[in-house]
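As a plain string of letters, each chain reads:
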Amino acid sequence: PPIETIENSRRSAPFLVTLLEDYVCIPYSINPKLKRTLFLASVWIITYICYTSYHLSRKPTSVVKGTLRPKCVEPDSPDNLSNRTNESVICPQGWEPFDGVEGNTLLGSLDYSFLFSYAIAMFFSGHIGDRVSLRYFLTIGMIGSGAMVCLFGAGYFFKIHVIEFYIAVQIAAGIFQSTGWPGVVAVMNHWFGRGYRGFVLGVWNTHTSVGNILGSVIPGIWADTDWGWSFISAGLIIIVCGVLVFFTLVSDPNQVDLPPPTHNKPENEDENDLTPLITRGEPPRAIGFFNAFLIPGVLEYSFALFFGKLVSYTFLFWLPLYIQNTEIGGKYYSGMISADLSTVYDVDG
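Residues numbered from 1 in each chain as written. Predicted model: local features only at pLDDT ≥ 70, side-chain atom pairs only at ≥ 80, totals over all residues. Heavy atoms only, no water.

Looking at the overall build of the protein
This is how the line gets drawn: Helix numbering and strand numbering both begin at the N terminus, where a helix is a DSSP run of H or I of at least 4 residues and a strand a DSSP run of E of at least 2. Note on classification: 1.4 Å probe, protein chains only; a residue is buried when its accessible area is under 20% of the maximum for its type, exposed when over 50%, partly exposed between these limits. Contacts between residues were defined by any pair of non-hydrogen atoms, one from each residue, lying within 4.5 Å. Exposure was quantified through the Shrake-Rupley algorithm and a 1.4 Å probe, taking into account, for residues, occlusion by the shown protein chains and nothing else.
The helix and strand tally for the protein stands at 15 helices and zero strands. Within the protein, the fraction of its 349 residues that count as buried is 42%. Within the protein, residue pairs in contact and separated by at least 24 positions form 78% of the contacts whose partners lie at least 6 positions apart. Taken as a whole, the protein presents about 19,100 Å² of accessible surface, with 67% of it coming from carbon and sulfur.

As for a nonpolar patch on the surface
Using the following cut-off: Patch members must show over 30% relative accessible area and no salt bridge, and they are joined within 9 Å when carrying like charges or within 5 Å when they are nonpolar side chains of Val, Leu, Ile, Met, Phe, Trp or Tyr. What makes a salt bridge here is a side-chain nitrogen of Lys or Arg within 4 Å of a carboxyl oxygen of Asp or Glu, nothing more.
On the surface, Phe-290, Phe-293, Leu-299, Phe-303, Phe-306, Phe-307, Leu-310, Val-311, Phe-315 and Tyr-345 cluster together to form a nonpolar patch covering roughly 1,000 Å² of accessible area. Of all the secondary structure elements, the ones that give two or more residues to the nonpolar patch are α13 (289–293) and α14 (298–324). Looking at the nonpolar patch element by element, the count peaks at seven residues for α14.

Quick notes on the pattern of salt bridges
Enumeration according to the criterion identifies one salt bridge in this entry. One salt bridge connects Lys-65 with Asp-111, and the closest N-O pair in it is separated by 2.6 Å. Of the two residues, Lys-65 is situated in helix α5 (residues 65–68) and Asp-111 in helix α6 (residues 103–129); the sequence distance between them amounts to 46 residues. In this structure, Lys-65 and Asp-111 share a single accessibility class: buried.

Looking at the packing of aromatic side chains
The test is simple: Note on aromatic contacts: the rings of Phe and Tyr and the six-membered ring of Trp form a pair at centre separations within 6.5 Å, being stacked when their planes are under 30 degrees apart, edge-to-face when over 60 apart, and tilted otherwise. For a ring to carry a charge above it, either NZ of a lysine or CZ of an arginine must fall within 6 Å of the ring centroid while also lying within 35 degrees of the normal to the ring plane.
Summed over all chains, the structure comprises 23 aromatic pairs. Where Phe-152 meets Phe-231, the ring centres are 4.4 Å apart and the plane angle is 20 degrees; that geometry is what we call stacked. A residue pair is termed long-range when its members are at least 10 positions apart, and Phe-152 in helix α7 (residues 134–157) and Phe-231 in helix α12 (residues 228–248) qualify at 79 residues. Assessed through its relative accessible area of 1%, Phe-152 is described here as buried. Three or more aromatic residues link up through ring pairs in this structure, and these residues are Trp-95, Phe-98, Phe-152, Tyr-156, Phe-157, Phe-165, Tyr-166, Trp-227, Trp-229 and Phe-231. The lysine or arginine in question, Arg-135, covers the ring of Phe-246, its NZ or CZ lying 5.1 Å from the ring centre. If you follow Lys-159 out to its NZ or CZ, it ends over the ring of Tyr-156, 5.4 Å from the centre.

With respect to helix α9 (residues 180–191)
Since the α-helix advances by 3.6 residues per turn, residues separated by three or four positions end up pointing in the same direction. Rule in force here: By this rule the span expected of a helix is its residue count minus one, scaled by 1.5 Å.
The terminal C-alpha atoms of α9 lie 17 Å apart, and with 12 residues this matches the ideal 16 Å at 1.5 Å per residue to within 8%. Along α9, the residues that are buried comprise Gly-180, Pro-182, Gly-183, Val-184, Ala-186, Val-187, Met-188 and Trp-191. Where α9 is buried, its residues meet α3 (32–56), α6, α7, α8 (163–177) and α10 (199–204).

Overview of the nonpolar core
A general tendency of soluble globular proteins is for nonpolar side chains to be buried together. How we decide: Remark: nonpolar core denotes a set of buried residues (Ala, Val, Leu, Ile, Met, Phe, Trp, Tyr, Cys) joined through side-chain atoms within 4.5 Å.
Counting residues in hydrophobic clusters, the biggest one holds 53 residues, and the most contacted among them are Phe-98, Leu-138, Trp-191 and Trp-227. Taken together, the elements giving at least two residues each to this core come down to α3, α6, α7, α8, α9, α12 and α14. For this core, the leading source of residues is α3, giving nine residues.

A word on the packing of helix α11 (residues 207–220) against helix α15 (residues 335–348)
Stated precisely, the cut-off is as follows: To get an axis, fit a line to the C-alpha atoms, keeping to the stretch in contact for a helix; angles then go from 0 to 180 degrees between the N-to-C directions. Small angles under 35 degrees read as roughly parallel and large ones over 145 as roughly antiparallel, with 65 to 115 read as roughly perpendicular and the rest as oblique. Note on residue categories: nonpolar means Ala, Val, Leu, Ile, Met, Phe, Trp, Tyr, Cys or Pro, charged means Asp, Glu, Lys or Arg, and polar means any other residue, Gly included.
It is at 8 Å that the axes of α11 and α15 come closest, and there the two elements cross at 170 degrees. One element, α11, and the other, α15, form an angle in the roughly antiparallel class. For the pair α11 and α15, contact is made by Ser-209, Asn-212, Ile-213, Ser-216, Val-217 and Gly-220 and by Met-336, Ala-339, Asp-340, Ser-342, Thr-343, Asp-346 and Val-347, respectively. Looking at the contact of α11 with α15 residue by residue, the class counts come to five nonpolar, six polar and two charged.

Observations regarding the environment of Phe-123
Looking at where Phe-123 falls in the secondary structure, it is placed in helix α6. For Phe-123, a relative accessible area of 45% gives the class partly exposed. Remark: the alpha-carbon pair of Phe-123 and Ser-178, spanning 55 residues in sequence, is separated by 8.8 Å.

Looking at unusual backbone geometry
The omega torsion of the bond from Glu-96 to Pro-97 falls at 15 degrees, within 30 degrees of zero and hence cis. In the Ramachandran plot, Lys-159 falls in the positive-phi region, its phi being about 55 degrees despite a non-glycine side chain. As for its placement among the helices and strands, Lys-159 is situated in the loop between α7 and α8. Residue Lys-159 is classed as exposed on the basis of its relative accessible area, which comes to 55%.

Considering the side chain of Ser-109
Our working rule: Throughout this description, a polar contact denotes any pair of N or O atoms lying within 3.5 Å of each other; where both atoms belong to protein, one of them has to be capable of donating a hydrogen while the other can accept it, and for residues adjacent in sequence the pair is counted only when both atoms sit in side chains.
Following the sequence through the fold, Ser-109 ends up in helix α6. On the accessibility criterion, Ser-109 (4% relative accessible area) is buried. Here the side chain of Ser-109 touches Leu-106 through a polar contact of 2.4 Å, landing on its backbone oxygen.

Some remarks on the confidence of the model for the protein
Applied cut-off: pLDDT expresses, on a scale from 0 to 100, how confident the predictor is about each individual residue.
When pLDDT is averaged across the protein, the result is 84; 80% of the residues are at 70 or more. In this model residues 80–86 is a low-confidence stretch, pLDDT under 50, and it forms nine contacts with partners more than four residues away in sequence or in other chains.

This is how it looks when you write it as structure tokens:
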């Protein structure tokens, strides 16, 4: 390609990658196959870490629910060790406003605030991601998500007991979190052709489970005591990962003077029967929202994913609390142990 084209594409490459290519170990004269292999591996690893941190930062809310709103018991219940009979329901000290009788409802409001904003923002994130630098797009989303998670945890240290504060933080977190999936999928599509969409991308997709496991184990350390640190730790992790993405993620092969991947077509497919999405010389155009529905399989996969997510997000947000409030083998487990036990679902998944 012309020198001018190379220079323009390289200006959009991450600073650290450009530095390594120019001065350290990846000059442009390197074997093209080896060079492509190195970048394929780096993109796979960086996007894996990226979306792992997205899922990790979603878990603290479910991990600390049992601390925010401990289990309420009837006065005559064997679980009530205080033996007080002058109250109809006894709720141990939690975190106002979640420790009252309506605590579970308020905890649920945190979930649907996050999910509703996440779902609405997802419609726009896909369009924005097609039109801007994916590296910047993911970096802003990750740092913004981390900031919102830390802000939620700051409620513990600043003694904030206003439900509107936590709902507002969850809404903002959902908006930033919506950048994750369309961003990493677009990057992977730029690098990996159809021939990689089996084992390689199947293993790559385990990042959701790994993120959920880490998001249970790490925040669970502080679940029973200083629950604010559960959020601060998760928020700082995704912020650090966002900085890593900004300095290292090559979102498109042309940024490092490599050709796009070859997308295999079926043997019985005639090129003359195909209508090209773009013609030679035209810049790539993002597909419209309604045109996306016309792509074969989009609606079917959407409905399948809807019911799959319905189950997975129920476990994601409520399994630690369910374990903590359920008698298992004649005893109840702490928030930390409940968080650890909830990881079995993701290990098997």
